[in-house]
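In case you want the letters, here they are:
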Amino acid sequence: WGTPEALAMRRDRRVRRLIDHAYRKVVYYRELFDAARLSPRDIRGVGDLSLIPVTTKQDLQGRPLREITAAGRDLSRCHASRTSGATGEPLTILGDRADRSFVNPSFLRVYLAWGLRPRHRVMSFAFRPGRRRPRSWYQSAGVFRHRVLSVEDAPEDWIREVDHWRPHLLQGYALTLKLFAESVQKKGRSDVRIPLIANTSGFLDDSGRELLAMVFQSKVVDIYASEEAGAAIAWQCPVCKEYHLSTDTSVVEFLRAGQPVAEGEEGDVVITNLHNYTMPFIRYAQGDRAVPSPVKPGCGRPFPLMARINGRSGDYVVLPSGKKLSPHPFFRVLDEILGVSSWRLTQENTDSILVEIVHSGLWQHSIEQRVLRDLRAVVGEGMQIRVHPVAELRRDPYQKLRSVVSRVSVEPDDSSPAPGTAVSVAR
């Protein structure tokens, strides 16, 4: 609720501190600055960031961790996530407790703006249920009490858990939330009420929003976040309707051919994480496209607005039985394999899937057998799985980036797991 001027001053101070740290402590950024003939003194604030070349995920993937993390940090004590989201390009992201201290508050302020209160219960889908964390001190004290829905459970189990816990807020990935809504609808239930639904990953279209609002009699908020940003990048305002950019935790640029786009025009999203000092992300290309808004906020908050996200999306994979899986079981399998540099899964029909894989330097022939085995556990025995090594993944730069592409469509169903399926939906 501060003034835009005060916010801008604090942000410029954070930029100067981050740039100085990255140059002194991180090999990658020191080499990047030296190659561009830049000194940290040249970057006095947000307005000078454009002098720094943009960094892509591929730039960081090709480097050992010691070159893209700060010298002197104990990486064994850091939180690590190996994530690709819907891009199919896994990247290990590290951050210590201080680096990650903005994650929860950045989401909490969104939920508070939408009516969540400390007494309310929260429920979320876990992408990797085996990595659940112990309850925080405030949850133990009865504040924002939280339960997790396992991605390995069937939708019937989710309904049963929601009936028992009665959450005020349910958060999860767009396609998983839609599968849940379709399952409730299929069973003819009209009493599964959740006051607030939050999409925290994936592309939520208008039809999906309407489905969630109708089935759960819910308000639906869309949050744009990433592991690289370490916080919510943008979130829908209940007053302004468009997306506030969280400019106190990250700098967001919208570029086309390296130049800023005009308000109302689509551009590539480039972020600077202002608080990760273990593994800095400075002018990092998110791989998404979005539109900055010309509208000025009418709610009193100092954050500028973004009109919409034209970002990553993934498709359902349809099993021979007609059951649908969200793309996230495949993220679980392929993102965890260190010999995979990038990947894309394509389903042409209900009987087969093709997995294209770009190898990293750690690739071994035995890894292909592991890929086949782990994917078989997801899709069951009735589907042919083909694994093809490729030099690179061919992509249209003007289309949404997808790692799971299905050309098969079916009517909504209850999406329960097929026999032999180890995982149903995820994240």
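Residues numbered from 1 in each chain as written. Predicted model: local features only at pLDDT ≥ 70, side-chain atom pairs only at ≥ 80, totals over all residues. Heavy atoms only, no water.

Draft legend 1. Structural view of unusual backbone geometry. The backbone of glutamine 217 sits at a positive phi, close to 50°, despite the residue not being glycine. The topology assignment puts glutamine 217 in the loop between helix H9 (206-216) and strand S7 (219-226). Note on glutamine 217: relative accessible area 38%, which makes it partly exposed. A positive phi angle is found at alanine 257, which is not glycine, with a value near 55°. Its place among the elements puts alanine 257 in the loop between strand S10 (250-256) and strand S11 (259-260). On the basis of relative accessible area, alanine 257 is assigned to the exposed category, the value being 78%. (Helix = DSSP H or I, 4+ residues; strand = E, 2+ residues; numbered from the N terminus. Buried < 20%, exposed > 50% of the residue type's maximum accessible area, 1.4 Å probe, protein only.)

Draft legend 2. Layout of the packing of helix H8 (residues 174-186) against H9. The N-to-C vectors of H8 and H9 enclose an angle of 45°; their axes lie 9 Å apart at closest approach. The orientation of H8 relative to H9 falls into the category oblique. As for how H8 packs across H9, the hand of that crossing is left-handed. Of the residues in H9, those in contact with Leu177, Lys178, Phe180, Ala181, Glu182, Val184 and Gln185 of H8 are Gly208, Leu211, Leu212, Met214, Val215 and Phe216. Residue classes in the contact of H8 with H9 are distributed as 9 nonpolar, 2 polar and 2 charged. (Axes fitted to C-alpha atoms, helices over the stretch in contact; angles between N-to-C directions. Parallel < 35°, antiparallel > 145°, perpendicular 65-115°, else oblique. Left-handed = near helix turned anticlockwise from the far one by under 90°. Contact = heavy atoms within 4.5 Å. Nonpolar A, V, L, I, M, F, W, Y, C, P; charged D, E, K, R; others polar.)

Draft legend 3. Focus on the nonpolar core. Core analysis: the biggest nonpolar cluster contains 41 residues, and Ile19, Ile52, Phe254, Ile271, Phe281 and Met306 have the highest contact counts within it. Apart from the residues within four sequence positions on either side, phenylalanine 281 is in contact with Tyr29, Leu60, Leu91, Ile93, Glu228, Ile271, Thr272, Asn273 and Asn276. By size, the runner-up hydrophobic cluster in this structure holds 24 residues, among which are Ile337, Val379, Ile385 and Val387. (Core = buried A, V, L, I, M, F, W, Y, C linked by side-chain atoms within 4.5 Å.)

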